[in-house]
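# Examining the three-dimensional arrangement
If you want the building blocks of each chain, they are given just below.
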Amino acid sequence: MPRFLVVGHLVQDVVPGGFRLGGTAAYAGLLAHRLGWEACVLTAGAVDPPELAGVRLLRLPSLTSTRIQNVYEGGRRRQFVLARAPELGPDLVPPELGGCDAVLLGPVAGEVRPETAALFSGRLLGACLQGWLREVGPAGAVRPRSPSCWQADAVLEHAQAVFVSDEDLAPEDVPAALERWSQAVPVVAFTRGEKGAEVCYRGEWRHIQSFPARPVDPTGAGDVFAAAFLIARHEGADPWEAARFASAAASLVVEKEGVEGVPQRWEVEERLRAYPEIVCR
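Residues numbered from 1 in each chain as written. Predicted model: local features only at pLDDT ≥ 70, side-chain atom pairs only at ≥ 80, totals over all residues. Heavy atoms only, no water.

Before going further, it helps to examine the nonpolar core. Counting 56 residues, the largest nonpolar core has Phe 4, Leu 104, Phe 163 and Phe 229 as the members making the most contacts within it. Top contributing element to this core by residue count: helix α5 (residues 239-253), with 10 residues. If we skip the residues at most four places from it in the chain, Phe 229 touches Ala 161, Phe 163, Val 187, Pro 239, Ala 242, Ala 243 and Ala 246. Counting residues in each nonpolar core, the second largest holds 36 residues, with Leu 125, Ala 159, Leu 178 and Val 188 among its members. (Core = buried A, V, L, I, M, F, W, Y, C linked by side-chain atoms within 4.5 Å. Buried < 20%, exposed > 50% of the residue type's maximum accessible area, 1.4 Å probe, protein only. Helix = DSSP H or I, 4+ residues; strand = E, 2+ residues; numbered from the N terminus. Contact = heavy atoms within 4.5 Å.)

Here you go:
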């Protein structure tokens, strides 16, 4: 029985000269493994990526993998979905996985059906909302989708924590969405890159600043934050301590290209010791 389960597509990120492994499932599953947890990824795609050695992979075979191109301009990211593997629903989850210690739903293009959350009611369930807050337009261009346009209740009534970034919401949607989610879910984390994160626990909002880093590639920071937060919570940290642990882990992943930057536990602990002044306040 794996202790940590991620449900979502592994992604072929388009890079010069080819593809690179990406997606919430890749970053979160690999982080759990490197923190010493037995990890499992439930996904759909065409290949088993060698970068996930040590992570149990349950892959629905597909003729294609989800393929995304990220374009960074002026500190902002534009995305294009070029291909999409089949969706993942509750019927594809083996019954024994319902007993995992922590579960993260991590859709990148709406592929995880919201009703999947009900399988993990009563567990430490987290959800990265980005994949439900995107719509794909002409030429695969991704744009924010109004939070009112997806089946939020099917996820919110079972989740213990939800994670969303400032790239996932239009600015005008942020206040109302965060207010609604914070009333429905014990923990809401709104990550803002170099500006840190706003974390709400049972109605109380606090800010955690980002840890100093030498950024190379910002991809995956939010995914690592989410997985690290859930693991820290299960290991006994309170929400503010878990946010500090998650922020430290996220600062490390951006210092290398792709999943190569996903840190080991000792690296996270070393960064925490180096900056004792950074706390969630």
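There's plenty left to go through after this.
Right, let's talk about the packing of aromatic side chains for a bit. Summed over the entire model, instances satisfying the criterion amount to 6 aromatic pairs. Ring centres 6.5 Å apart and planes at 70 degrees place the aromatic pair Phe 163 and Phe 225 in the edge-to-face group. Residue Phe 163 is located in strand β12 (residues 161-165), and its partner Phe 225 is located in helix α4 (residues 221-234); the two are separated by 62 residues in the primary sequence. Pair check on accessibility: Phe 163 and Phe 225 agree, each one buried. Judged by centre distance (6.2 Å) and plane angle (85 degrees), the rings of Phe 211 and Tyr 275 are edge-to-face. Of this pair, Phe 211 sits in the loop between β15 (204-208) and α4 while Tyr 275 sits in the segment after α6 (265-274); the two residues are 64 residues apart in sequence, bridging distant segments of the chain. Residue Tyr 275 is classed as partly exposed on the basis of its relative accessible area of 26%. An aromatic cluster of at least three residues, connected via ring pairs, comprises Phe 163, Phe 225 and Phe 229. Note that Arg 3 overlies the ring of Trp 37, its terminal NZ or CZ placed 3.8 Å from the centroid. (Phe/Tyr/Trp six-rings, centres within 6.5 Å; stacked < 30°, edge-to-face > 60°. Lys NZ or Arg CZ within 6 Å of the ring centre and 35° of its normal.)

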